[in-house]
Amino acid sequence: MIRGKSLSAVTVIALLCGVCAVGDSQESEVCDSQDRHIILVHGGITTSMERVNDAQMNLIRTVVTEARADLAAGAAALDVVVDAIAVMEDSGLYDAGKGSYLNTAGYTETDASLMEGHTGKTGAVAAMQRLKNPIKAARIVMEDTRHVFFAGPTGEEVLIGLGAEKLDDPASYFVPIRTADSTGSETGTVGAVALDRCGHLAAGTSTGGYFGKMPGRVGDSPIIGASTFANDRYALSSSGRGENFIQRSVTIDIAMRSMYRGTALQDAADYVIHRLIGDIDQVTGAIIAISKDGEIVLSGTNVIGIRHGYASESGGVTIGLELP
Ligand code: ASP
């Protein structure tokens, strides 16, 4: 669904006019200038097959299927990315939104970011305690403020004032106990990248951080260029040890290696992830990425895989964990 409206409504609008409003308040272009469109979604890294459950993978299939239908009907990449991530945040199945890990003080602090490739616009939130959908709040930052990043309780209050949905009772909303070493399913950060039929790219990432994080700790997920990055050629999102992704500016490094050196996107990603994050830093990490030319890239290190799903204008929906 596009910004809360049904696909059929969007399709009707697309048929009635070439360029018109598709959002609640935003003017969105209906894209139909090319056939190519791609959605690639992740539900975080996993270090154990036993910690991946069917519900997580089934939701990825649903999200990818809906996102592809929306893109085919002319939805903007930014809308599709926000919608995909918001559904995953609401599910309680991932370490984002409702399913976010608790910090060591026993409460949840969430981070998210969003970037639109062709405009370079960004929005991010960090250490949010009462927001239902951090990714939607990141969009409010991007579109309704003159800033790019809001953090902590003060920032949160401002964003609630601008329309971000507030949780009246966060403690009862968030899934209460998540432990990385339990026998239950491990959750994961979520992210999405999309290419729309205008040829525009967008990327977003949302997380509760990782189990055992200190109060106030902020990871890579809200940091543009560390986790989320998009320009007019690439869109990327990450999951893994956020500290190292920040130190190495992972996603912008991958994009720039490919852009300036002409290195294939997969090779650039494998170098940064395997060599820098894996061999040298010896931490976990993975990225998803797409290019305007239609490349679909996954790369990971010190992990079993990354929960993911993708689809383009041709072929079926692919879901899995496997990394190439
Ligand atoms: N990158 C996230 C963080 O460090 C955690 C994860 O993706 O598992 O906050």
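The structure we're discussing is the one just above.
For clarity, every value in this text was computed on a predicted model and none was experimentally measured.

Considerations on the sheet that holds strand E2 (residues 110–116)
Spatially, E4-E3-E2-E6-E5-E1-E11-E12 is the arrangement adopted by the 8 strands of the open sheet, whose pairing is mixed. Of all the strands in the sheet, just strand E4 (149–151) and strand E12 (318–320) have a single pairing partner and so form its edges. Strand-to-strand, the axes of this sheet are offset by a mean angle of 5°, without reference to chain direction. As paired elements, strand E1 (residues 38–46) and strand E11 (residues 305–312) share 7 bridges and run antiparallel to each other. Its bridge partner lying in E11, Ile 39 is registered against Ala 311. Lying on the sheet, helix H3 (residues 77–91) is in contact with E1, E2, strand E5 (190–195) and strand E6 (201–207); it crosses E5 at an angle near 160°.

Overview of the pairing of E6
Regular strands place their side chains on alternate faces of the sheet. Within E6, 7 of the 7 residues are buried, leaving the element largely enclosed by the surrounding structure. Residues Leu 201, Ala 203, Thr 205 and Thr 207 of E6 are buried on one face, and the alternating residues Ala 202, Gly 204 and Ser 206, pointing to the opposite face, are buried as well. Note that E5 and E6 share 6 bridges and pair antiparallel. Paired with Val 193 across the bridge in E6 is Ala 203. Joining the antiparallel neighbours E5 and E6 is a turn of 5 residues, in which Gly 199 adopts a positive phi near 85°.

Considering the packing of H3 against helix H4 (residues 134–144)
Put simply, H3 and H4 touch, their axes get as near as 8 Å, and they point 150° apart. Put simply, H3 runs roughly antiparallel to H4. Residue-level contacts link Leu 78, Asp 79, Val 82, Ile 85, Ala 86 and Glu 89 of H3 to Pro 134, Ile 135, Lys 136, Arg 139, Met 142 and Glu 143 of H4. Across the contact of H3 with H4, the residue classes break down as 7 nonpolar, no polar and 5 charged.

Some words on the sheet that holds strand E10 (residues 296–301)
Strand order in the open sheet formed by 4 strands is E7-E8-E9-E10, and the pairing between neighbours is antiparallel. This sheet does not close on itself; its edge strands, each paired only once, are strand E7 (229–230) and E10. When strand E9 (residues 285–291) meets E10, the two strands line up antiparallel, connected through 6 bridges. Paired with Ala 286 across the strands is Gly 300, a residue of E10.

With respect to the state of the cysteines
A full pass over the atoms with the stated rule returns 1 disulfide. The residue that forms a disulfide with Cys 31 is Cys 198, at a sulfur-sulfur distance of 2.1 Å. The sign of the -95° torsion about the S-S bond sets the Cys 31-Cys 198 disulfide as left-handed. One end of the pair, Cys 31, is in the loop between helix H1 (7–16) and E1; the other, Cys 198, is in the loop between E5 and E6, with 167 residues separating them in the sequence. The two residues Cys 31 and Cys 198 agree in class, both being buried.

Quick notes on the packing of helix H2 (residues 54–72) against H3
Packing of H2 against H3 brings their axes to within 10 Å, and their N-to-C directions diverge by 160°. When the axis of H2 is compared with that of H3, the two are roughly antiparallel. Between H2 and H3 lies a crossing of right-handed hand. Only Ala 77, Val 80, Ala 84, Val 87, Met 88 and Ser 91 of H3 make contact with H2, whose side of the interface consists of Leu 59, Ile 60, Val 63, Ala 67, Asp 70 and Leu 71.

Conventions adopted
Residues numbered from 1 in each chain as written. Predicted model: local features only at pLDDT ≥ 70, side-chain atom pairs only at ≥ 80, totals over all residues. Heavy atoms only, no water. Pairing = 2+ DSSP bridges. Helix = DSSP H or I, 4+ residues; strand = E, 2+ residues; numbered from the N terminus. Axes fitted to C-alpha atoms, helices over the stretch in contact; angles between N-to-C directions. Contact = heavy atoms within 4.5 Å. Buried < 20%, exposed > 50% of the residue type's maximum accessible area, 1.4 Å probe, protein only. Parallel < 35°, antiparallel > 145°, perpendicular 65-115°, else oblique. Nonpolar A, V, L, I, M, F, W, Y, C, P; charged D, E, K, R; others polar. Disulfide = S-S within 2.5 Å. Left-handed = near helix turned anticlockwise from the far one by under 90°.

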